[in-house]
Amino acid sequence: MFGPRSSSAAAHRPLQDAPSDDAFLRQLGYRPQLTRRMGRHGNFAISFSVISVLSGCMTLYGFGLATGGPAVMLWGWIAVGAMVLFVGAGLAEVTSAYPTSGALYYMADRLGGRRWGWYTGWLNLLGLLGAIAGIDYGAAQFASAFAGLQWGFHPTPRSTFVIFLCILALHAVLNLFGVRLVSVLNSISVWWHLAGVAVIVGVLTFVPSHHQSPSFVFGTFVNDTGWNAQWYVVLIGLLLAQYTFSGYDASAHLSEETTGARTNAPRGIMHAIAWSWGAGLLLLAGLTFAIQDYAGTRNSGTGVPPAQIFLDALGTSGAEALLLIVIVAQLFCGNAEVAACSRMVFAFSRDGALPGSRTWRRVDARTGTPRPAVWLSVAVAGVLALPSLYSPTAYGAITAINVIGITPAYAIPIYLRLRHRRAFRPGPWTLGSRGPLIGCIAVLWVAFVTVLFLLPQSYPVTSRSFNYAPVALAAVLLLATVWWYVAGRRSYGPPAHDVVRERSARDDDVM
């Protein structure tokens, strides 16, 4: 259903028949600065690593147990995955036409104008920063659970936050060595994820003597949110799947470091979604069939419900082994997300959009890595997770920040491609006549989930249970608006159509 199709209409002919990657980038208006060392598999691997079913599904599994239970988790995963394929296909088509590190905001700028690009960029940046915070904080929670089983460690919000900061620092350092290391780690990550899911599901299938029935796994509804309306709880419960199915724009953000970017980046998006859809369904089903005590799993002393499933089914040693598989996968995931976010920061600064852009757009001359952008990405992600020190529901809000920031940013280029479909000139990966229908479905789905995840997740709504994702969204939109009038409308400027931006190699651009 979703795949490349040749375009024969003259009005839809690509900008040039078969330019080289760097020649086409110059045609889009940018001087190549990053090192192009990532191939087809590497581009797929970074999006697959960022989606990371062993991160998203695992870290929000406890949320799913309380918000709809097994039925919502399993059927919600199937439904959300199907809809995300529509969004991914629409985004892949536009990525093929505009393969730049700026990705979403550059697409919006080219199709809709400067203001569209400006706000899309800020939304995309919010979502990427929220993703780093959510992924690495989840890894810290699982690391705390492992330490509790191995050494009797008793995690507190403060100790978990310290572990979180250490993980952020690790990912920053790994991303300073260049895209080749990032690509190698992501390639390993693909096999680690696939083998990890196979091992976890296999062990949970054959080792425990007791399993839940199919009617329990696919039919049990649980509501521990405080809300009485079951339909509302079902909708809120979709956050688990929608949060996991995000970050596939990483393939677009790394396109300036990918060979054959006009086809390999779109393929990376689609293949990452499809493989994650299948692997995640197996993982969720395997975990849920293996639940021994639902209430005990929900209120696990480890603080991580999947760890309790492992413990009840396999004992301490088996639980520790499976937790290590999950933690390593989460570390791979966070590292890939830092790479994607730092490229977004670099590109947005290259076009003068961020305060201090002259600093954040600098590229290390030896490694071809935007080092200041890497450090800024992890620093802001650390600030976003600060509410976890006092709010037990903060993690759900962090993941909601990721969804409400990045998901609308996916839809804006698709919407503008529909709005200006006569002027849009696709790349070699195109949906052809199916594009408008797929795009409409994608935009409607994104509008739906964006509103959904601005809503309260539990009742009663107090200072400790408040979903502060709307506050973060309002703050970034306010900052974007204020900065636009203070400096952005003068400093922000992606290159105009068919105009090459050849900045001289100033000292402030290359370190």
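Look up a bit, the structure's there.
Residues numbered from 1 in each chain as written. Predicted model: local features only at pLDDT ≥ 70, side-chain atom pairs only at ≥ 80, totals over all residues. Heavy atoms only, no water.

**Q** If you had to explain the overall build of the protein chain to someone new, which residues and values would you point to?
**A** The number of helices and strands found in the protein chain is 21 helices and 2 strands. Each principal axis of the C-alpha atoms in the protein chain carries an extent, and together these give about 65 × 45 × 40 Å. A buried classification covers 61% of the 511 residues belonging to the protein chain. Here the analysis covers contacts within the protein chain between residues at least 6 apart in sequence; of these, 85% occur between residues at least 24 apart. Working note: accessible area of the protein chain is about 18200 Å², and carbon and sulfur atoms make up 65% of it. (Helix = DSSP H or I, 4+ residues; strand = E, 2+ residues; numbered from the N terminus. Buried < 20%, exposed > 50% of the residue type's maximum accessible area, 1.4 Å probe, protein only. Contact = heavy atoms within 4.5 Å. Areas by Shrake-Rupley, 256 points an atom, 1.4 Å probe, with all protein chains shown as cover.)

**Q** A description of the state of the cysteines should follow, citing residues and the corresponding values.
**A** In total, this model carries 0 disulfides according to the counting rule given. Its sulfur unpaired, C57 is 11 Å from the next cysteine sulfur, which belongs to C333. For C166, which is in no disulfide, the shortest distance to another cysteine sulfur is to C333 and amounts to 19 Å. (Disulfide = S-S within 2.5 Å.)

**Q** Just give me the short version of the pattern of salt bridges, but keep the residues and values in it.
**A** When charged atoms on two side chains of opposite charge get close, those side chains can pair. Going through the model one piece at a time under the given rule, you end up with 6 salt bridges. Between E257 and R343 there is a salt bridge, with its nearest N and O atoms 3.0 Å apart. Of this pair, E257 sits in the loop between α13 (250–253) and α14 (261–289) while R343 sits in helix α16 (residues 305–350), and the two are 86 residues apart along the sequence. A residue is classified by how much of its surface remains accessible, and E257, at 0% relative accessible area, is buried. Salt-bridge contacts for D364 lead to R371; the nearest nitrogen and oxygen are separated by 3.9 Å. By relative accessible area, R371 is classed as partly exposed at 24%. (Salt bridge = Lys/Arg side-chain N within 4 Å of Asp/Glu carboxyl O.)

**Q** Can you tell me about the packing of helix α7 (residues 114–151) against helix α21 (residues 469–491), naming the residues and giving the values?
**A** One can describe the packing of α7 onto α21 by two numbers: an axis separation of 10 Å at closest approach and a directional angle of 140°. On the basis of the axis angle, α7 is oblique to α21. Regarding α7 and α21, the two cross each other, and that crossing is right-handed. Across the contact of α7 with α21, the residue classes tally to 14 nonpolar, 2 polar and 4 charged. (Axes fitted to C-alpha atoms, helices over the stretch in contact; angles between N-to-C directions. Parallel < 35°, antiparallel > 145°, perpendicular 65-115°, else oblique. Left-handed = near helix turned anticlockwise from the far one by under 90°. Nonpolar A, V, L, I, M, F, W, Y, C, P; charged D, E, K, R; others polar.)

**Q** Help me get a handle on helix α18 (residues 371–384), residues and values and all.
**A** With 14 residues, α18 extends 21 Å between its outermost C-alpha atoms, agreeing within 8% with the 20 Å of an ideal straight helix rising 1.5 Å per residue. Considered for burial, the residues of α18 that qualify are P372, A373, V374, S377, V378, A381, G382 and L384. (Expected span 1.5 Å × (residues − 1).)

**Q** Which residues make up empty space enclosed by the protein, and what values go with them?
**A** As enumerated under the stated definition, the model contains 3 cavities of 30 Å³ or more in all. One number sums up the size of the largest cavity: a volume of about 70 Å³. For the largest cavity, the lining is made up of 13 residues, of which V50, I135, Y243, S246 and N402 are closest to its centre. (1 Å grid on protein atoms, 1.4 Å probe; cavity = no way out; pocket = protein on both sides within 12 Å on 5 of 7 lines; lining within 4 Å. Points joined across faces, edges and corners; volume = space filled by probe spheres on them.)

**Q** Account for the layout of surface pockets, with residues named and values stated.
**A** Its boundaries defined by the atoms lining it, the second largest pocket holds a volume of some 390 Å³. Lining the second largest pocket are 18 residues, and of these W122, L129, V380, V476 and L479 sit closest to its centre. Per-element tally for the lining of the second largest pocket: the top contributor is α21, with 5 residues. Residue composition of the lining of the second largest pocket, grouped by class: 17 nonpolar, 1 polar and no charged.

This is a description of form; function is not addressed.
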